Structure formats: C-alpha cells, structure tokens
Amino acid sequence: MGHDEAWREWRAAMASGRMHHAWILAGMQGLGKAHFARAAARELVAEPGVPQPELHPDILLVEPLPATEDDARRKEEGKPYATKRNISVDQVRQIQHRLTTRPTLGARRAIIIDPADDLEKSAVNALLKSLEEPPTGSFFLLVTHRPGRLLPTIRSRCRTVRFPALRGEDMDKILARLAPRADPATRAAAIAAADGSPGIALGFVEQELGPLHATMLRLIREGDEHFTLRGELAAEIGARPDRERLLATLDLARAVLAGAVSTAPGPQQARIIEAHASLAMLTGQAPTYNYDPGLLAMEIGGLLASVALPRETA
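Since the model is a prediction, treat every value here as computed from it, not as a measurement. (Residues numbered from 1 in each chain as written. Predicted model: local features only at pLDDT ≥ 70, side-chain atom pairs only at ≥ 80, totals over all residues. Heavy atoms only, no water.)

Trainee: Can you break down the packing of aromatic side chains residue by residue, with the values?
Mentor: Using the criterion set out here, one finds three aromatic pairs in the structure. Taking the centre distance of 5.1 Å and the plane angle of 80 degrees together, the rings of Phe36 and Phe163 count as edge-to-face. With Phe36 in helix α2 (residues 33-45) and Phe163 in the loop between β5 (159-162) and α7 (168-178), the pair connects residues that are 127 residues apart, well separated along the chain. Neither Phe36 nor Phe163 differs from the other in exposure class; each is buried. Positioned above the aromatic ring of Phe227 is the side chain of Arg230, whose terminal nitrogen or guanidinium carbon lies 4.0 Å from the ring centre. (Phe/Tyr/Trp six-rings, centres within 6.5 Å; stacked < 30°, edge-to-face > 60°. Helix = DSSP H or I, 4+ residues; strand = E, 2+ residues; numbered from the N terminus. Buried < 20%, exposed > 50% of the residue type's maximum accessible area, 1.4 Å probe, protein only. Lys NZ or Arg CZ within 6 Å of the ring centre and 35° of its normal.)

As structure tokens, this is what we get:
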C-alpha cells in the first residue's frame, strides 16, 4: 500500500522483456521494502498455470544469521552482546553455488538480500562478481534503508527504486488493518511520530507508547528543571522492558525531535538537531550495549528537555 509508483516501475520492466538483473530497493525503515521484494520476486518467478508453493524454491533469501551461542550466554550474564551477525561471504558463496544450476520450477530465479548494507566486506566483493556476470535468469533484489553504505561499484550495477514516506491516510489504513484494537487516538499519535513509516508506527502501537509520546512532547515544550518528567518517562518505560521496547522508545524520541524541528524557532532548532544526533548515536549502540532502563530514561529525557526554550522566551 502506498507504493504504486514502485509497482508501476517494476511491472513495466517485466513487461518490456528487458528486465534489469539487479535492483536496489531503498527507503527508510518500516516502509514495506522487504514485503515488496518478496511479492515482486513471486511475480518474477511465477509460471502461467503452475501453482506457487508457499516457500518457492526459486526465491532465495539472504539475511543476517542469528547471534551465536556465545552472544546468548553473554546476554544471560548481563554483558554486551550482538543480536545478529552480518551477512557473511560463505552465505553469498552458497547462493553463487545455487546459481550454477538451473531454476527448479521455471526459467527465473530471484535472490533477495535483506539488508544489503549488512554484507561483510568480503561478501560484498563476492557479490560484485555475480552482479558483473549475472547468470541467465537470475535477478537480485537488494533491500536497504542505508543505500549510501553500498559501494559505488554495487550501486552502479543496479537499478534503484526509491520508496518514499507514506501519506497519513495510507498509514491509518495500514494500522487499522494490522492493529484493529488500537484506539483512534493511539493510532493518530503513532502516525504523527512515525514520519511516514508504517512499520515504525506499528511498533509504537504494539508497544503502547502513547503515554511516552505525550511525556516526550511535554519535555521538549516545558523542559524538566526538577526531573519530574524524566521520572514519569522512566515509569512509563518500565522497570524491566525488553530490548524491543527500548529501541521503540529511542525511535519515538528521534521521531518527536524530527517532527519538532520544522516549527521550532532558530535558537531551538540547533539544540534539536544536536539532541537528535545524540539519540541516533544511542540507537546505534543499543543492539550491542546493555542499558539500565532507568539511566536510559534519564538520558533520553535529558536530551529532550535540553531543547526546550527558557520559560521567559518560550
């Protein structure tokens, strides 16, 4: 939903008979690029009159492997751990070996790499060989929300489709379908904070972040001279939140700042941009660093409160 232009471009290429062998699907997180890739791959490998199996053997998915047993042990011990690994060169070579054989059911094969910006350096070099000399009937779909991290040599061999942020009405329809029990006020708050990403909005709804959203808005409007709102923020996050809730809280805080910067007066804009950069750094560290929820709430609350204008000039 909301990506009609991307579908038109894809289907026009299929109908032309001159289908490019490699595509980059680029856009912010939570837009549905991975869903698009899977649906597009099913159209690509479909054969007239042949029923498609649920797990099509000619659609190959390459994605990061789960974390190691050592990471699981470190998690139990309360030490820093990784939640996943990057896509390795061995994974790419396994796919390349598959490409030396004919497709199983038809004449085409689709390879989805998601996310493509998680490829190890050696894996990128291995993939480049396949993109330079693609096997007949093989088509690559590289999903990414950070296309700038892909090497120019990769980007130059791919056709890029950009996925824009969705409109509010499309977001509301998606949330109404996927989260029908959420009340309209919660949906509206999630849409306002998600900056056009239905995936992020759905995460806000599922994590019941409505009260957090309201407290964050108060922090950037009123400040928090006596640490009262920061205490409320910590209580709303909870004493023992899981990692998904902490990440959703960080996403929400960045979205609140991003939404505020356009209407903020000049002196406040610089502080908002600086706080947003600090939150982005915290978010980047979150997958491998174990935060104390209370301290993290104070840090998030402090960054949000730091952008508030002084009372006399607000």
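Having seen the model, we can carry on.
Trainee: Report on the pattern of salt bridges, specifying residues and quantitative values.
Mentor: Any two side chains of opposite charge can pair if their charged atoms end up close together. Tallying each qualifying case throughout the model produces 13 salt bridges. We note a salt bridge from Glu5 to Arg8, for which the minimum N-O separation is 2.9 Å. Of the two residues, Glu5 and Arg8 are both situated in helix α1 (residues 4-16); the distance of three residues between them amounts to about one turn of the helix. Take Glu5 and Arg8: they sit in the same class, and that class is exposed. Among the salt bridges present, the one from Arg146 reaches Asp117, with a minimum N-O distance of 2.6 Å. Of this pair, Arg146 sits in the loop between β4 (138-144) and α6 (152-155) while Asp117 sits in the loop between β3 (109-113) and α5 (121-132), placing them 29 residues apart in sequence. For Arg146, a relative accessible area of 27% corresponds to the partly exposed category. Taken together, the shared-partner salt bridges connect Asp117, Asp118 and Arg146 into one network. (Salt bridge = Lys/Arg side-chain N within 4 Å of Asp/Glu carboxyl O.)

Trainee: So what about the sheet that holds β3? Which residues, and what values?
Mentor: Here we have five strands laid out as an open sheet, ordered β2-β3-β4-β1-β5, and parallel in their pairing. Either end of the sheet is taken by a strand with one partner, and the two such strands are β2 (59-62) and β5. Along the sheet, successive strands turn relative to each other by an average axial angle of 20 degrees, direction set aside. Where β2 lies against β3, four bridges are found, and the strand directions are parallel. Counterpart to Leu61 in the pairing with β3 is Ile112. (Pairing = 2+ DSSP bridges. Axes fitted to C-alpha atoms, helices over the stretch in contact; angles between N-to-C directions.)

Trainee: Pulling in residues and values, what's your account of helix α11 (residues 228-237)?
Mentor: Three or more residues of α11 are buried, namely Leu229, Arg230, Leu233, Ala234 and Ile237. For α11, the buried positions fall inside an angular range of 145 degrees around the axis, keeping them on one side. Phi for Gly238, located one or two positions after α11, is positive at around 105 degrees. (Arc of directions from axis to C-beta.)

Trainee: Just give me the short version of unusual backbone geometry, but keep the residues and values in it.
Mentor: Following Asp114, the chain continues into Pro115 via a peptide bond in cis, with omega recorded as -5 degrees. One non-glycine residue, Glu208, lies in positive phi territory at about 50 degrees. Phi is positive for Phe227, which is not a glycine, with a value near 65 degrees. With relative accessibility at 49%, the residue Phe227 sits in the partly exposed group.

None of this, on its own, says anything about what the molecule does.
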